[in-house]
Amino acid sequence: MRLIVENRFALLGLVAVALAALFGVASATRSMGADTSSADPEPEVVPVESALRVCPTPQGKDRESEVSAFTPAGEATGGSLTAGPDIEGAPPLGETGETGRPWTQDVSDAERPTVVRADGALAAGAEVVQTTIGEDDPYATQVRCAEPGVSTWFAAPGENDLASLRVHVANVDDAAATVNVDVYTAEGPIVGEETRGVSVGAHGEATIDLTDLIDATDTAVVHVRTNVGRVAAALFAENTSSGADWVPPTTAPARRLVIPGVPDGGGQRRLILAAPGEDPVTADVRAYTPDGELDHEGFTELSIPPGASTPLSMADALGKQEATIVVEADAPVVAGLAMERSGGDDTAYAAAATPLEGRIHGRAVLPAAPKGTTTRLLLGAPDRPGTVVVTPVTDGGERGERQKVDVEAGHTTTADLDTPQGSHALVVEVAEDSGPVYAGRVLTQGSGKKRASTALPVLPSPTEVVLPPVQDTLTSVVP
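If you're wondering where the values come from, they're calculated on a predicted model, not measured in any experiment.

Visitor: Sorry, what's going on with a negative patch on the surface here?
Guide: Together, Glu193, Glu194, Asp209, Asp212 and Asp215 make up a region of like negative charge exposed at the surface. Following the sequence through the fold, Asp209 ends up in strand β15 (residues 205-209).

Visitor: Can you help me understand the state of the cysteines in this one?
Guide: Note on terminology: a disulfide is the covalent bond linking the sulfur atoms of two cysteines. Scanning the entire structure with this criterion turns up one disulfide. Shown here is the disulfide that connects Cys55 with Cys145, its sulfur atoms set 2.0 Å apart. Its S-S torsion of approximately 105° makes the covalent link between Cys55 and Cys145 right-handed. Taken as a pair, Cys55 in strand β2 (residues 50-55) and Cys145 in the loop between β9 (140-144) and β10 (151-157) lie far apart in primary sequence, 90 residues in all. Residue class for Cys55 comes out buried when judged on its relative accessible area of 0%.

Visitor: Teacher, can you tell me more about the environment of Glu429 here?
Guide: Structurally, Glu429 can be placed in strand β32 (residues 424-430). In the structure, Glu429 is positioned 31 residues away from Pro460 in sequence and 9.3 Å away in space, judged by C-alpha atoms. Not counting chain neighbours up to four residues away, the residues in contact with Glu429 comprise Gly362, Arg363, Thr387, Val388, Val389 and Arg402.

Visitor: Looking at this structure, how should I read unusual backbone geometry?
Guide: Trans peptide bonds make up the majority, and among non-glycine residues the majority have a negative phi. Positive phi, close to 55°, is recorded for His203, a residue that is not glycine. Relative to the assigned elements, His203 resides in the loop between β14 (198-200) and β15. Positive phi, normally seen in glycine, also occurs at Glu301, with a value near 50°. Examined against the element boundaries, Glu301 turns out to sit in the loop between β22 (292-293) and β23 (302-304). When its relative accessible area of 66% is taken as the criterion, Glu301 is described as exposed.

Visitor: Please explain the sheet that holds strand β29 (residues 386-394) as it appears in this structure.
Guide: Either a parallel or an antiparallel arrangement is found when strands of a sheet pair, and the pairing is made through backbone hydrogen bonds. Taken in spatial order, the four strands line up as β27-β32-β29-β30 in an open sheet, and their pairing is antiparallel. Because the sheet does not close on itself, it has two edges, and the strands there are β27 (363-366) and β30 (403-407). For this sheet the average axis-to-axis angle between neighbouring strands, irrespective of direction, equals 25°.

Criteria and thresholds
Residues numbered from 1 in each chain as written. Predicted model: local features only at pLDDT ≥ 70, side-chain atom pairs only at ≥ 80, totals over all residues. Heavy atoms only, no water. Patch = residues over 30% accessible without salt bridge, like charges linked within 9 Å, V, L, I, M, F, W, Y side chains within 5 Å. Areas by Shrake-Rupley, 256 points an atom, 1.4 Å probe, with all protein chains shown as cover. Salt bridge = Lys/Arg side-chain N within 4 Å of Asp/Glu carboxyl O. Lys, Arg positive; Asp, Glu negative; His and termini not counted. Charge placed at Lys NZ, Arg CZ, Asp CG, Glu CD. Helix = DSSP H or I, 4+ residues; strand = E, 2+ residues; numbered from the N terminus. Disulfide = S-S within 2.5 Å. Buried < 20%, exposed > 50% of the residue type's maximum accessible area, 1.4 Å probe, protein only. Contact = heavy atoms within 4.5 Å. Pairing = 2+ DSSP bridges. Axes fitted to C-alpha atoms, helices over the stretch in contact; angles between N-to-C directions.

Shape is all these values report; function is a separate question.
Here it is as structure tokens:
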């Protein structure tokens, strides 16, 4: 035995023989106990039983901020939903144990992110949004409370009057996370010491100021990613003359992107595109309005330099119409839209989003908006005709009449809804025979020159998830 051990090649051969024998026994056992001629196993559909959302610290002075959550009533009951700062020993701000009833918590005085946790029936299809409105000066912001992750993309302007552009990250895990921020401008990628290796302690938070990095540039596409751990990321853009708002996360780089919920009204509307790869990209842009697709020469064969972003003004082409924007490129790109209302201190952002379609992703939830605001639901069907059914739900959990909204192929429609007075949530579901529908929510406070609006993509709120099939292979799935 001593001679074998001293000869490493002989030992390697012995190990190989042993492994071959082991797999031979496994194969023989499998052959005797299973039918190897059967088809590949089907993916398993299981209910959502846990949800975690993180709402960033509210921004702005003289503000009223609230976190709103809603889980549609289903067959299952029970579960819990709690919200509060991610501080050990801190009592929850509020809790509820009832599905099908909108829930709201005042966070106006919050100095830390609000963490919302749900389990059981209250996690299935849950959605959480944080809204802030100004008490004196009219302004409105809304942000979808994020799930912690390892990669988040944003597209925002970087114009000269940008007072501040800040990344807010929160770590709700028991171990520290390390964050990097990549910034793509019209001049190419920008790197600063403040964007590399940012350590975020367990149950901690950090703010990364990008203002100086994007000075005097027209656009900035921002990628927040982690080397270690995961974080919930949010981006806040504040302008010197046109208000402030949260920039919604946009879809990861892809060859085809759809931006829903571009509201009507005059003012600047600027599409932001970025090519994060190493090669130049050519893209075509299509805009679908209530009158159909716009015919505009400046929307085709747009050239995007590698590792850079570029703006496209759409104000003249769109006029005052609402729209759904489609971007198609010959390589993956990132896209978003910045909007400034003419004659008012108001700015808003739209982002690429996934559609409502099919059994798993065919339903969305809009939590209750603050009192004194109005909600518009914008629906786009760029590919095939779409049909959605919208059901309002009052504060008391009473379900209103189901209302059907049809969307012509290649058009954008503002849903004409009969909604109850006071605060209410909305459940949006695509019909069985509907094509993909892209949706956006426009929230408005005030009127006239004192009107302030904010836009947010409406994303699917699944009650079930599809698990990949488990097969008899050496492949493993790791987090």
